[in-house]
Amino acid sequence: MSTPQRRATTRSPRPGARPRVRVRTRERAVGATRPKVRPWSAYAVATAIVLLVVAGLLFYLDERSSRGRTQVVGTAPGPDHLEVHVLLQRVDAAAQTLTTKVLVRPYGALEMNGNPLVPAQDVLLETTSLEQTALRYPAGQQIATGTVAFDLYGGRVTDYPFDRYHALIGFRATIGGQPAPVVIAIEEADPFFAFAQESRQSEGGAVAVTERISRSRSTFILAWFMMAAMWALALSVLVAAWLIVRQRRGIVWPALGWMAATLFALVGMRNAAPGSPPIGSVLDYAAFFWAELLVAVGLTMIVVRGARIEGGHRPAP
């Protein structure tokens with residue numbers, strides 16, 4: 001009687017042998033399904049990031065160098081001339097004005113004791129501005145910078161960010177009652193706009209230049225990105241709302257919170273547009289109005305459909 005029991009005992013597998021085999025099998029299966037990290041993909045991502053950063057820096061340096069150039073309009077027949085330095089400070093597209101800072105410097109016999117900031121005779125500088133038509137500098141007194149606003153024409157601010165304008169900047173000087181040659185040096189300082197010389201005029205001692213004014217490259221890129229981001233957010237909300245309604249999930253409160261936050265975040269994004277465009281611009285009709293509408297439709301769709309589903313699942317009293 002004891003012998004068969006011993007044989008059965010010796011023939012039976014050791015306890016715990018099969019679980020070990022199963023554990024090893026599971027480990028092998030998990031190891032087989034684990035994705036392999038390819039080193040070249042990480043290198044490709046790092047290389048793409050470096051290239052994007054380098055491209056951005058190159059764009060910045062190109063725009064910086066273009067803004068650092070000085071436009072010189074007019075030629076001096078000799079050392080005795082008047083230089084008018086014009087700094088383009090700010091463009092107000094809504095008010096249709098270009099605010100500039102003007103500094104006059106006499107040279108040669110027109111300056112006193114070698115000081116280019118003190119005129120030897122009275123200086124009268126006439127401008128093409130409709131607000132401040134003339135600037136006067138008494139003889140023997142140091143010249144100070146003055147603010148002159150020029151009018152913009154040929155553009156509408158509602159065309160943002162595709163709006164373009166023109167401004168006529170011109171001067172004519174008389175020193176001691178006699179006309180004097182004028183040279184204009186123009187520099188730009190408004191980061192939201194780019195300036196380019198379109199035409200120049202020189203007649204009877206007067207020098208004028210027509211500046212073409214458009215949105216800067218950075219402003220243009222950011223406006224396009226904002227429009228694309230508005231559409232992406234609105235479509236994301238609409239797709240999420242459609243999935244919730246189709247799957248009959250009822251009212252999903254976290255989703256409603258995200259959608260409501262997106263609705264108000266779009267308003268903040270629109271108000272942060274560079275240059276403060278007015279309501280009703282191309283930016284609004286191309287992206288903002290439609291994005292707000294799609295988000296509101298998604299919210300309403302979830303609430304209406306979810307209220308029906310939640311109401312039908314109420315337990316009977």
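Structure: above.
What this report covers is the structure whose coordinates are included nearby. Here the structure is a predicted model, which means the values were calculated and not measured. (Residues numbered from 1 in each chain as written. Predicted model: local features only at pLDDT ≥ 70, side-chain atom pairs only at ≥ 80, totals over all residues. Heavy atoms only, no water.)

### Description of the pairing of strand β7 (residues 134–137)
Of the two faces of β7, only one is covered, namely that formed by L135 and Y137; the face formed by A134 and R136 stays uncovered. Where strand β6 (residues 123–127) folds back on β7, the antiparallel hairpin that results is connected by six residues. (Buried < 20%, exposed > 50% of the residue type's maximum accessible area, 1.4 Å probe, protein only. Helix = DSSP H or I, 4+ residues; strand = E, 2+ residues; numbered from the N terminus. Pairing = 2+ DSSP bridges.)

### Some thoughts on a nonpolar patch on the surface
Together, W231, L235, I279, Y285, F289, W290, L293 and V297 make up an exposed nonpolar region whose accessible area comes to about 800 Å². For the nonpolar patch, the elements supplying multiple residues, two or more each, are α4 (217–246) and α6 (282–312). Within the secondary structure, Y285 sits in helix α6. What makes Y285 exposed here is its relative accessible area of 54%. (Patch = residues over 30% accessible without salt bridge, like charges linked within 9 Å, V, L, I, M, F, W, Y side chains within 5 Å. Areas by Shrake-Rupley, 256 points an atom, 1.4 Å probe, with all protein chains shown as cover. Salt bridge = Lys/Arg side-chain N within 4 Å of Asp/Glu carboxyl O.)

### A few points about the side chain of T127
Inspection of the secondary structure puts T127 in strand β6. When its relative accessible area of 13% is taken as the criterion, T127 is described as buried. A polar side-chain atom of T127 sits 3.3 Å from the main-chain amide nitrogen of S129. (Polar contact = N/O pair within 3.5 Å; in protein donor to acceptor, adjacent residues only side chain to side chain.)

### Structural notes on the packing of aromatic side chains
According to the stated counting rule, one finds six aromatic pairs in the structure shown. Seen in terms of ring centroids, F162 and W224 are 5.9 Å apart; in terms of plane orientation they differ by 75 degrees. Their pairing is edge-to-face. Of this pair, F162 sits in the loop between β8 (146–153) and β9 (164–175) while W224 sits in helix α4, and the two are 62 residues apart along the sequence. Centroid distance Y285 to F289: 5.2 Å. Interplanar angle 90 degrees. Geometry classified as edge-to-face. Taken together, the residues Y285 and F289, both in helix α6 and four residues apart, mark about one turn of the helix. Taking the relative accessible area as the measure of exposure, F289 reaches 32% and is therefore partly exposed. One aromatic cluster is present, built from ring pairs that chain together F162, F220 and W224. (Phe/Tyr/Trp six-rings, centres within 6.5 Å; stacked < 30°, edge-to-face > 60°.)

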